[in-house]
Amino acid sequence: MTFRDTRRRLLIAAAASPLLSLPGLLRPDALASPSSVEAYRWRGVVLGGAAQMVLGVENPKVAEQFVRHATAEIDRLENIFSLYREDSVLCQLNREGRVDNPPPELLAVLGLSRDLWRQSGGAFDPSILPVWQAHAAGASGEDLQQALARVDFGRVIFSPDGIRFKAPGMGLTFNGIAQGFITDRVVALLKDYGLTHSLVELGETRTLGPRRDGAPWRVGIEDPARPGQALREVTLDDNALAVSRGSASPFPGRPGLNHLLDPQTGQSPAYVAEVAVRAPTALLADGLSTAASLLPDAKARALLDRYTGVTGYFVAAGA
């Protein structure tokens, strides 16, 4: 089964004046104003979704060298986290129920996932994969209940020696957090190269420094009721933004169901139409935007308050 996560195509990059009305797409060609020095732009695909980078560099050869390094690193990380590469470490884990000597990147994501699972009272649960698969196959009734019985992140045991599931038929998906991890890794590479004034959008958006003209990066969060229109403008300067909206990735032929699934009920909650989270890292923004979408308003806001440097933007259901 192929997994495609389209829920993150919800950010609209802004130029120095009005916000662009381009649904589901960052426009890196509009991010550098005429007064700024020339930027290098790259576009590609990461974890099944459109990805882009805007690098504020004067020497295109340095930018090209960086892109070669970054895309090789992205490919390496996809071989860990991808659900649509059958030979990825994650797919191996899901097939066999265990993996020995796991890569440190997978352990890092498991570690933050465990923290989010605890802090959200279990709402954020990467072991939701069996329910996702059941819905994708059109299952209901007893089949869905059997899938729900396999969901419990507390039954995932991990250490540097290995990862294993304590029950058969379990499976993990990191579609609610892996994009953020990869985004942060690319930003770390930017720092290694001594580059600043850059924007990375690999499913989540993170900036390194302001734009070269000194202004902060400006990003529009799309209005769920008016596709292509910006509901809010957010500035970014050395931080990240992630957006979760269930309606952006529905299950075909299953009204009311989307990729955001409550691990207790197997259904998609309707607490909010959209949640955007600005945080110091894309990993944290990614995980928190997913978790907050699965909680009632008061609990979602309390969750975000537990983390330093985090701001949430909520769009009420039906708004």
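Let me sum up the structure you'll find in this document. All values derive from a computational prediction rather than experimental measurement.

Calculation rules
- Residues numbered from 1 in each chain as written.
- Predicted model: local features only at pLDDT ≥ 70, side-chain atom pairs only at ≥ 80, totals over all residues.
- Heavy atoms only, no water.
- Phe/Tyr/Trp six-rings, centres within 6.5 Å; stacked < 30°, edge-to-face > 60°.
- Helix = DSSP H or I, 4+ residues; strand = E, 2+ residues; numbered from the N terminus.
- Buried < 20%, exposed > 50% of the residue type's maximum accessible area, 1.4 Å probe, protein only.
- Lys NZ or Arg CZ within 6 Å of the ring centre and 35° of its normal.
- Contact = heavy atoms within 4.5 Å.
- Axes fitted to C-alpha atoms, helices over the stretch in contact; angles between N-to-C directions.
- Parallel < 35°, antiparallel > 145°, perpendicular 65-115°, else oblique.
- Left-handed = near helix turned anticlockwise from the far one by under 90°.
- Nonpolar A, V, L, I, M, F, W, Y, C, P; charged D, E, K, R; others polar.
- Pairing = 2+ DSSP bridges.

## Brief notes about the packing of aromatic side chains
Okay, so step 1: Counted under the stated rule, the structure contains five aromatic pairs.
Okay, so step 2: Between Phe-81 and Phe-174 the ring centres are 6.2 Å apart and the planes differ by 85°, which places this aromatic pair in the edge-to-face class. Placement of Phe-81 in helix H1 (residues 60–81) and of Phe-174 in the loop between strand E6 (162–165) and helix H6 (178–192) is noted, with a sequence separation of 93 residues between them. Each member of the pair, Phe-81 as well as Phe-174, is classed as buried.
Okay, so step 3: Put simply, the rings of Phe-81, Phe-174 and Phe-181 pair up and form one aromatic cluster.
Okay, so step 4: In this structure, Arg-114 packs its charged tip against the face of Phe-153, placed 4.7 Å from the ring centre.
Okay, so step 5: Geometry around Phe-314 places Arg-301 over its ring, the cationic atom sitting 4.2 Å from the centre.

## What to know about the environment of Leu-148
Okay, so step 1: Tracing the backbone through its elements, the reader meets Leu-148 in helix H5 (residues 141–148).
Okay, so step 2: Accessibility expressed as a relative area gives 10% for Leu-148, which makes it buried.
Okay, so step 3: Excluding residues within four positions of it along the chain, Leu-148 makes contact with Val-131, Pro-263, Gln-264, Thr-265 and Gly-266.

## Brief notes about the side chain of Glu-78
Okay, so step 1: Within the secondary structure, Glu-78 is located in helix H1.
Okay, so step 2: Assessed through its relative accessible area of 5%, Glu-78 is described here as buried.
Okay, so step 3: With residues up to four places along the chain from it excluded, the contact list for Glu-78 reads Val-45, Val-46, Leu-47, Gly-48, Tyr-84, Arg-85 and Ser-88.

## Section: the environment of Ala-291
Okay, so step 1: One can find Ala-291 in helix H7 (residues 282–293).
Okay, so step 2: Remark: the alpha-carbon pair of Ala-291 and Ser-120, spanning 171 residues in sequence, is separated by 6.7 Å.
Okay, so step 3: Beyond its immediate chain neighbours, meaning those up to four positions away, Ala-291 contacts Ser-120, Phe-124 and Leu-303.

## A few points about the packing of H7 against helix H8 (residues 297–305)
The angle between the axes and the distance between the axes are what describe a pair of packed helices.
Okay, so step 1: Direction vectors running N to C along H7 and H8 enclose 160°, while the axes themselves pass 9 Å from each other. Taken together, the axis directions place H7 and H8 in an arrangement best described as roughly antiparallel. As H7 packs across H8, the resulting crossing turns out to be right-handed. The segment H7 lies against H8, with Leu-288, Ala-291 and Ala-292 engaging Ala-300, Leu-303 and Leu-304.
Okay, so step 2: Split into classes, the residues belonging to the contact of H7 with H8 amount to six nonpolar, no polar and no charged.

## Some points on the sheet that holds strand E3 (residues 49–55)
Strands in a sheet are paired, the pairing made by backbone hydrogen bonds, and the direction either parallel or antiparallel.
Okay, so step 1: If you trace the seven strands from one edge of the open sheet to the other, you get E2-E3-E7-E8-E11-E12-E13, paired in antiparallel fashion. This sheet does not close on itself; its edge strands, each paired only once, are strand E2 (40–46) and strand E13 (311–316). Put simply, the sheet's adjacent strands are angled 15° from each other on average, direction ignored.
Okay, so step 2: Note that strand E12 (residues 272–279) and E13 share six bridges and pair antiparallel. Following the sheet pairing, Val-277 is matched in E13 by Gly-312.

## Describing the pairing of E6
Okay, so step 1: Strand direction decides the pairing type here: strand E4 (residues 98–100) and E6, joined by three bridges, are antiparallel. Each bridged residue has a counterpart across the sheet, and for Arg-98 the counterpart in E6 is Arg-164.
Okay, so step 2: Inspection of the sheet shows strand E5 (residues 156–159) paired to E6 by four bridges, in the antiparallel sense. When the bridges of E6 are listed, Phe-158 appears paired with Ile-163.
Okay, so step 3: Where E5 hands over to E6, the hairpin turn is made up of two residues, counted between the paired strands.

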